[in-house]
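The primary structure of each chain is shown beneath.
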Amino acid sequence: YAGYELGGIELLPDNLHGIFLSPPWGGMDYGNEGGKAGFDPVSSITVESTCISIEGKTNKDYDDGAGRHKEENAGTIPTAVKTNGGELLSIAAKAVFETSKEEDDDGSAIAYFLPRNTSGISMGQIAVASGIKEGCFEMEQNVVNGKVKTVTAYFGRGVERLLK
């Protein structure tokens, strides 16, 4: 991987102005979830990831970028982590709104790409539970050939400017 940095969250910038979320919500029956109440991201979206915790073991599979393998003290233990759609918005809100170092920054926003039958009420409840207090919340229908295909929910101070 010569010329590329491999890593995780430590490679992110100190502050973010926006995040686009597009979690996996598909499947054969996603259109039937929620019935008349609509699609609820908290109960319908599950993002599974693997976190690596470091232990004091030896890992011989480290590539130093030149094809050579080095022996390092970096044994790892994978741990499965599940996050629902509401928790995902909470994480994004913390990353965008709490790390903003510029007080006069009115451009911070989160865009959340969801199915067409998403409940606006549940999205508002998720926003409040996520601590999103500033700016507005708006849902935009994405139409193709006269039919609503998806919805994008926007949160934050920069929403008004983004949608003009």
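What counts and how
- Residues numbered from 1 in each chain as written.
- Predicted model: local features only at pLDDT ≥ 70, side-chain atom pairs only at ≥ 80, totals over all residues.
- Heavy atoms only, no water.
- Helix = DSSP H or I, 4+ residues; strand = E, 2+ residues; numbered from the N terminus.
- Buried < 20%, exposed > 50% of the residue type's maximum accessible area, 1.4 Å probe, protein only.
- Contact = heavy atoms within 4.5 Å.
- Areas by Shrake-Rupley, 256 points an atom, 1.4 Å probe, with all protein chains shown as cover.
- Arc of directions from axis to C-beta.
- Pairing = 2+ DSSP bridges.

Caption draft 1: Inspection of the overall build of the protein at higher detail. Broken down by element type, the protein carries four helices and eight strands. Each of the 164 residues in the protein was classed as buried or not, and the buried ones make up 33%. Look at the contacts in the protein between residues 6 or more apart in sequence, and 63% of them connect residues 24 or more apart. For the protein, the accessible area works out to roughly 10900 Å², and carbon and sulfur atoms hold 51% of it.

Caption draft 2: Helix 3 (residues 120–129), seen in detail. All buried positions along helix 3 are accounted for by Ser122, Met123, Ile126 and Ala127. Looking down the long axis of helix 3, one finds its buried residues gathered within 140 degrees of arc, a one-sided arrangement. In helix 3, those exposed residues whose orientation departs by more than 90 degrees from the buried face are Ile121, Gln125, Val128 and Ala129. Where helix 3 is buried, its residues contact helix 1 (41–44), helix 2 (85–98), strand 6 (109–115), strand 7 (136–144) and strand 8 (147–156).

Caption draft 3: Representation of the pairing of strand 6 within the structure. Summarising burial for strand 6: six of the seven residues are buried, a large majority. Direction of pairing for strand 1 (residues 18–21) relative to strand 6: parallel, over a ladder of four bridges. Among the inter-strand pairings, Gly18 is bridged to a residue of strand 6, identified as Ala109. Here strand 6 runs beside strand 8; their pairing, made up of six bridges, is antiparallel. When the sheet's bridge partners are listed, Ile110 is paired in strand 8 with Phe155.

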